[in-house]
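Below are the chains, spelled out letter by letter.
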Amino acid sequence: QVQLVESGGGTVQPGGSLRLSCVASGRSDTITSMAWFRQAPGKEREYVSVIRRGGGRIINMSMKGRFTISRDNNKNIVWLQVISLEPENTALYYCAAGTASETSVIPDDYSDWGKGTQVTVAS
C-alpha cells in the first residue's frame, strides 16, 4: 500500500503557473507508474500525465496549458509543472500510483490515490 500526498495547488490568474508535488510513502518501491489526474465539477476524471519509474512519460496534449511531469525516484516525489493555465484547467488534481507493467491513463489501473489538490484558474 502506498500513501500519496499532493500539494502545490492554489488559485492563479489565467496564464499563471503552478507546480504540484506528490510525495509517496509506504511501499513506494513497488510503484512502476505515477500519474496525475484531474476532475472538474460535472466532468469525468481524466489523465493529465503519467511517468514511469524509468522516466518514460505521457502528457495529455489535448489539454490547454503546458504540462511537464518529472520525478525523483530516490525521494519518491513526482512533480507536475503547469504553465499557461486557463480557467478550463480548474479542477481537483489527483496523484495516483500504480504497479502495472504498462503505462496506463486509465484511473482503474491505479491502486493508490492522494486526496487531491485544488487548482483554480480565475481572474
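Scroll up to find the structure this text is about.
Since this is a predicted model, take the numbers as computed values, not measurements.

A. Highlighting the overall build of the protein chain. Counting its regular elements, the protein chain contains 0 helices and 11 strands. Shown N-terminal to C-terminal, the secondary structure of the protein chain runs as helices and strands in the order β-β-β-β-β-β-β-β-β-β-β. Considering only C-alpha atoms, the protein chain reaches an extent of 40 × 25 × 25 Å along its principal axes. The buried share of the protein chain, reckoned over its 123 residues, is 42%. Across the protein chain, every contact between residues at least 6 apart in sequence was considered, and the portion connecting residues at least 24 apart equals 58%. For the protein chain, the accessible surface area stands at approximately 6,300 Å², while carbon and sulfur atoms represent 47% of it.

B. Looking closely at the pattern of salt bridges. If you walk through the whole model with that rule in mind, you get 2 salt bridges. For the salt bridge of Glu 46 with Arg 38, the shortest nitrogen-to-oxygen distance reads 2.9 Å. Take Glu 46: its relative accessible area is 25%, and that puts it in the partly exposed class. A relative accessible area of 6% places Arg 38 in the buried class. Note that Lys 64 is salt-bridged to Glu 88, the shortest N-O span being 3.4 Å. On the criterion of sequence distance, the pair formed by Lys 64 in the loop between β6 (57-59) and β7 (66-72) and Glu 88 in the loop between β8 (77-83) and β9 (91-98) is long-range, its members being 24 residues apart. Judged by its relative accessible area of 44%, Lys 64 is partly exposed.

C. Structural context of the sheet that holds strand β3 (residues 18-26). Spatially, β1-β3-β8-β7 is the arrangement adopted by the 4 strands of the open sheet, whose pairing is antiparallel. The open sheet has two edge strands, β1 (2-7) and β7, and neither has a second partner. Strand-to-strand, the axes of this sheet are offset by a mean angle of 15 degrees, without reference to chain direction. Across 6 bridges, β1 lies against β3 in antiparallel orientation. Looking across to β3, one finds that Glu 6 is bridged to Cys 22.

Reading the values: the criteria
- Residues numbered from 1 in each chain as written.
- Predicted model: local features only at pLDDT ≥ 70, side-chain atom pairs only at ≥ 80, totals over all residues.
- Heavy atoms only, no water.
- Helix = DSSP H or I, 4+ residues; strand = E, 2+ residues; numbered from the N terminus.
- Buried < 20%, exposed > 50% of the residue type's maximum accessible area, 1.4 Å probe, protein only.
- Contact = heavy atoms within 4.5 Å.
- Areas by Shrake-Rupley, 256 points an atom, 1.4 Å probe, with all protein chains shown as cover.
- Salt bridge = Lys/Arg side-chain N within 4 Å of Asp/Glu carboxyl O.
- Pairing = 2+ DSSP bridges.
- Axes fitted to C-alpha atoms, helices over the stretch in contact; angles between N-to-C directions.

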